[in-house]
Amino acid sequence: MKLHKSIAITIGLVVGLSSCDSFLSHDPDDRTKITKPSEAAELTVSAYSDYSTVTLFEFRADNVMDKGKIRKLSRHWSAEMYKYNEYVTSTSQDSPEGIWREYYKAIGHANQSLLDLSKMDQDDSSVKEARGEALMCRSYALYMLAQIFTVPYNPATAESQLGLPCPTLPETHLLQDYERGTLKELYDVIVKDFEEGYSLVGDNYKSPKFHFTRQASAAFGTRLYRTLGNWDRVIELSNDCLGTNPALYTRKINDKNSKYQGTYAEREQIWSYETEDCNFLLSVAFSYWTRVFASEKYGLTTQIMHYFSKKTKNGKYVGENFLGVAPHIGFFGNASVVNIPKFFEHFEYTNVTQGTGYIHGQFVLLGGDEALFNMAEAYVMKNQFERARDLLQLFVSNYMRDYDPSSDEYKVTEEKILTYYKDVLGNQVHPDRIHGIDIKDFNPFFETTTTQEAYLRACVDLKRMAFLEEGMRWMDNRQYRMDVVHNVVSDDGSSESYLVLRGDDPRYAVQIPENTRAYLEPNPGYENELKPITK
């Protein structure tokens, strides 16, 4: 399994994109020497990847559908992602190969910064904080790569499953030897970097929402330790980032006086605003997502929209959840372009006359709502159900249409949760609520009681609603080894079949880039094509 290689991970080999890229492309002896913490911190800015995972995650998850004849395919790579092809022909932004390349390049910048900082005064507070940020960037980059290119974590099998290369030094040659190692080894590195980084990071930034502050770092930690099933640590870190009043750091979309109930333009901008206290870490990334999330052949549909929010004959909105109420999310567009305005595009002109340039989207990488759900799940696993209900109640008060705190309709109770999920507990085979295909959708590596399972399902279902279009659902699909159903409509619209990615399918790990196969062991499971089924 540990196949040695000599791989060009492309750290600092893309010349001309930034001063930091230019810096890393030089021979070490020719580089300008970095001697001040501020200079190393400036290099660390490039340790944040400028590629987004949202497009890939959304097209693989169960929040999208084939829209059929009403929408033509505009980008062939979206179909390749949606159908779980082994390779995606695009190698640029949003593609697996592009993400691999840019995240490893970010790791290279973090490693260079760490090397330079190691030569400075280790008692200097600014050196400590810069080192903490670099370690946090490396930990986050490796973690996100793991959510793409490895199978979901399971401690019982992690020592026998493929990990990923974990460079800890900057490239000193164009080629350097690496090995994939095991999944356990990969997560050991991620955790080590996180814990050391978290002990050092600070908040001294001009634009803190674009850096790993203490709050953003703690939020990442809740995601990491949720993946690992370390519930005590999830609770500790959730308390660190949400404090004693989580309401201060969660999104309030049903506030009629806020821009969340404003115009389309106001809504798409407010979602990732720096001024929103619920946003802990933001990124401006190269991505087509701002152009395709509504218009592509695969995406939100009226069928999915009505699952979450449907207007009845008497004018009341209802939703498929244990309360039966609908969120105050603003769905826009007609049947072919159903969407929620969450993404603000920045267009970088390279030629104003010709109208050419680069598409950037602004994305929320870490925030309070995710930390709240992670904390709720951790309380469930500690059998502290009342605390979990309190957190879910807070979410309901922020998100649900016409929320009335005095109405029993909106009250989160154990009875409602257990009753709603009683027919699926025990990971029973059941028809999924959108397509009607038989699935299993709850198979985490950790054992649960039926009460815990019901609560966890409630958490994940509400979270699905909150993060539509943002890529978060794919990480929940992985966490609970869900069977994911994708419909496939024939070209003439006359027939429909279904691709089902089963929870134990090795294709949960995206194939590593084709240009690495000469040096790295590829992910198994792509020998046979995923065959469509019919009802």
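For the structure itself, look to the data block above.
No experiment lies behind these values; they were computed from the predicted model shown.

Undergrad: Can you break down the overall build of the protein chain residue by residue, with the values?
TA: Each helix and strand counted, the protein chain has 17 helices and 13 strands in total. A compact globule built from 535 residues would reach a C-alpha radius of gyration of about 24 Å, and the protein chain, at 23 Å, matches this within 12%. A principal-axis box enclosing the C-alpha atoms of the protein chain has dimensions of 75 × 55 × 55 Å. Residues classed as buried in the protein chain amount to 58% of the 535 residues present. Relative to all contacts within the protein chain whose residues are 6 or more apart in sequence, the contacts with residues 24 or more apart total 71%. Here the protein chain displays about 21800 Å² of accessible surface, and carbon together with sulfur accounts for 48% of that area.

Undergrad: Outline the sheet that holds strand 4 (residues 279-286), supporting the account with residue identities and numerical values.
TA: Here three strands make up an open sheet; going across it, the order is 4-9-8 and the pairing antiparallel. The outermost strands of the open sheet, each flanked by one partner alone, are strand 4 and strand 8 (344-351). Across the sheet, the mean angle from the axis of one strand to that of its neighbour is 25°, orientation sign disregarded. The pairing of strand 8 with strand 9 (residues 356-367) spans seven bridges and is antiparallel. Among the inter-strand pairings, asparagine 351 is bridged to a residue of strand 9, identified as threonine 356. Across the sheet, helix 8 (residues 214-228) is in contact with strand 4 and strand 9; its angle to strand 9 comes to roughly 75°.

Undergrad: Give me the environment of threonine 44: which residues, what numbers.
TA: Mapped onto the fold, threonine 44 is located in helix 2 (residues 37-44). On the accessibility criterion, threonine 44 (0% relative accessible area) is buried. For the pair threonine 44 and isoleucine 107, spaced 63 residues apart in the sequence, the C-alpha separation amounts to 9.6 Å. Ignoring anything within four residues of it in the chain, the contact list for threonine 44 reads Ser113, Glu133, Ala134 and Cys137. Within the local environment of threonine 44, its side chain forms a polar contact with the side chain of serine 113, the two groups lying 2.6 Å apart.

Undergrad: Give a detailed account of the packing of helix 7 (residues 183-198) against helix 8, specifying residues and quantitative values.
TA: Think of two packed helices as two axes; the pair is described by the angle between the axes and how far apart they sit. Contact pair helix 7 / helix 8: the axes reach a minimum separation of 11 Å and the direction vectors enclose 155°. Comparing the axis directions of helix 7 and helix 8 gives the class roughly antiparallel. By crossing handedness, the relation of helix 7 to helix 8 is classed as left-handed. Contacts from Tyr187, Ile190, Val191, Phe194, Glu195 and Tyr198 in helix 7 reach Arg214, Ser217, Ala218, Phe220, Gly221, Leu224, Tyr225, Thr227 and Leu228 in helix 8.

Undergrad: With reference to specific residues and values, describe the packing of helix 14 (residues 385-399) against helix 16 (residues 450-466).
TA: At a minimum axis distance of 11 Å, the contact between helix 14 and helix 16 shows a crossing angle of 20°. On the basis of their axis angle, the class for helix 14 and helix 16 is roughly parallel. Of the two possible hands of crossing, helix 14 and helix 16 adopt the one that is left-handed. Of the residues in helix 16, those in contact with Phe385, Arg389, Leu392, Phe395, Val396 and Tyr399 of helix 14 are Thr451, Gln452, Tyr455, Ala458, Cys459, Leu462, Met465 and Ala466. Class assignment for the residues of the contact of helix 14 with helix 16 results in 11 nonpolar, two polar and one charged.

Analysis parameters
- Residues numbered from 1 in each chain as written.
- Predicted model: local features only at pLDDT ≥ 70, side-chain atom pairs only at ≥ 80, totals over all residues.
- Heavy atoms only, no water.
- Helix = DSSP H or I, 4+ residues; strand = E, 2+ residues; numbered from the N terminus.
- Rg over C-alpha atoms; globule rule 2.2 N^0.38 Å.
- Buried < 20%, exposed > 50% of the residue type's maximum accessible area, 1.4 Å probe, protein only.
- Contact = heavy atoms within 4.5 Å.
- Areas by Shrake-Rupley, 256 points an atom, 1.4 Å probe, with all protein chains shown as cover.
- Pairing = 2+ DSSP bridges.
- Axes fitted to C-alpha atoms, helices over the stretch in contact; angles between N-to-C directions.
- Polar contact = N/O pair within 3.5 Å; in protein donor to acceptor, adjacent residues only side chain to side chain.
- Parallel < 35°, antiparallel > 145°, perpendicular 65-115°, else oblique.
- Left-handed = near helix turned anticlockwise from the far one by under 90°.
- Nonpolar A, V, L, I, M, F, W, Y, C, P; charged D, E, K, R; others polar.

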